[in-house]
Amino acid sequence: MKQNLSWLQGGIFLGAVFLAAVWIIKPVGVSTEFVIINGVVWNIFSPGLITQNEGAETAYSSTNAYLNKGGGTLAESVANPLNYGIVFVLSMILGGFLSGLFSKKKLPDNDKLSPVVWRERFGSNPKKRLMFVFMAGFFVLFGARLADGCTSGHMMSGMMQTSLSGYLFAAGAFATAIPVAILLFKSKNPKT
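Note that the coordinates shown come from a computational prediction; the quantities given were computed from them, not determined experimentally.

Asker: Describe the packing of aromatic side chains, naming the residues involved and giving the relevant values.
Answerer: Each aromatic ring pair is described using two quantities: the centre-to-centre distance and the angle formed by the ring planes. By the definition in use, this model includes 8 aromatic pairs. For the pair F122 and F185, a centre-to-centre distance of 5.8 Å together with 80 degrees between the ring planes defines the contact as edge-to-face. Of this pair, F122 sits in helix α6 (residues 116–122) while F185 sits in helix α9 (residues 164–185); the two residues are 63 residues apart in sequence, bridging distant segments of the chain. With relative accessibility at 17%, the residue F122 sits in the buried group. Among the residues examined, F185 registers a relative accessible area of 33% and is labelled partly exposed. For the pair F138 and F142, a centre-to-centre distance of 6.2 Å together with 20 degrees between the ring planes defines the contact as stacked. Here the residue F138 and the residue F142 both occupy positions in helix α7 (residues 126–146), the gap between them amounting to 4 residues, near one helical turn.

Asker: Lay out helix α2 (residues 31–45) in plain terms, naming residues and giving numbers.
Answerer: Owing to its 3.6 residues per turn, the α-helix brings residues three or four apart onto one side. For α2, which comprises 15 residues, the first-to-last C-alpha distance of 22 Å matches the rise-based estimate of 21 Å (1.5 Å per residue) to within 8%. Turning to α2, its buried residues number three or more, namely S31, E33, V35, I36 and G39. At its buried positions, α2 is contacted by α3 (65–79), α4 (84–102) and α7.

Asker: I'd like to hear about the layout of surface pockets, residue by residue, with values.
Answerer: If a probe the size of a water molecule is rolled over the atoms, the empty space left behind becomes visible. By volume, the largest pocket amounts to about 660 Å³. Forming the walls of the largest pocket are 23 residues, and the residues nearest its centre are A136, F139, V140, T176 and V180. When contributions to the lining of the largest pocket are tallied by element, the ones reaching two or more residues are α7 and α9. Estimated volume of the second largest pocket: approximately 460 Å³.

Asker: Lay out the nonpolar core in plain terms, naming residues and giving numbers.
Answerer: Judged by nonpolar contacts, V35, I36, L49, I50, Y60, L67, L74, A75 and V78 together constitute the single largest core of 9 residues. Elements that contribute at least two residues to this core include exactly α2 and α3. A per-element tally of this core places α3 first, with 4 residues. The contacts of L49, once residues within four sequence positions are left out, are G39, W42, N43, S61, S62, T63, N64 and L67.

Asker: So, the side chain of S62: which residues are in play, and what are the values?
Answerer: With respect to the helices and strands, S62 occurs in strand β2 (residues 60–62). Given the relative accessible area of 11%, S62 is considered buried. Of the polar contacts made by the side chain of S62, one reaches the backbone oxygen of L49; its length is 3.0 Å. If we ignore the near neighbours within four places in the chain, the residues touching S62 are L49, I50, L67, N68 and A75.

Asker: Quick rundown of the packing of α2 against α7? Include the residues and the values.
Answerer: Here α2 crosses α7 at 95 degrees, and the two axes come no closer than 9 Å. The angle between α2 and α7 places the two elements in the roughly perpendicular class. Only L141, A144 and R145 of α7 make contact with α2, whose side of the interface consists of S31, T32, F34 and V35. Class assignment of the residues belonging to the contact of α2 with α7 gives a composition of 4 nonpolar, 2 polar and 1 charged.

Rules of the game
- Residues numbered from 1 in each chain as written.
- Predicted model: local features only at pLDDT ≥ 70, side-chain atom pairs only at ≥ 80, totals over all residues.
- Heavy atoms only, no water.
- Phe/Tyr/Trp six-rings, centres within 6.5 Å; stacked < 30°, edge-to-face > 60°.
- Helix = DSSP H or I, 4+ residues; strand = E, 2+ residues; numbered from the N terminus.
- Buried < 20%, exposed > 50% of the residue type's maximum accessible area, 1.4 Å probe, protein only.
- Expected span 1.5 Å × (residues − 1).
- Contact = heavy atoms within 4.5 Å.
- 1 Å grid on protein atoms, 1.4 Å probe; cavity = no way out; pocket = protein on both sides within 12 Å on 5 of 7 lines; lining within 4 Å.
- Points joined across faces, edges and corners; volume = space filled by probe spheres on them.
- Core = buried A, V, L, I, M, F, W, Y, C linked by side-chain atoms within 4.5 Å.
- Polar contact = N/O pair within 3.5 Å; in protein donor to acceptor, adjacent residues only side chain to side chain.
- Axes fitted to C-alpha atoms, helices over the stretch in contact; angles between N-to-C directions.
- Parallel < 35°, antiparallel > 145°, perpendicular 65-115°, else oblique.
- Nonpolar A, V, L, I, M, F, W, Y, C, P; charged D, E, K, R; others polar.

Dropping the structure here:
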């Protein structure tokens, strides 16, 4: 029994999921949900952050300019966080967990924490690996919010909709990722 999809099968499956998401609800994007979760926590400790506007043009507003942009759409999501986006993010986490749980391919303990290419270059210290992964995730998320989008929103959904910003983002992401990977994972002992 085959355990993994080929790149072609995976691409077709991913494309079908994205098309279904656009057709049923909206294009896929997830980094905004981190803003929403932060806003929910912030609103707990600062109750005046979000206000509901009775009879106004916008239903919700915020004292924070970022949450207030877009006619208060982010403020509304903070006030009512159980929406498609949050369910989508939680479903991705659950899907990853279930995939790992039911995978027929069991990884050796070392491979669970870091791939071979990482261990060969940086060693097998799990704390070092987790620190680098956390920092990388932080920078990607910070950049995504700075660009008012995310990798899935700009690259995958954007390119699927033939958005120029999607193609520019993809070009920029690969133009950065490839040289960084080459620098990080160049061989310690180059072959002569």
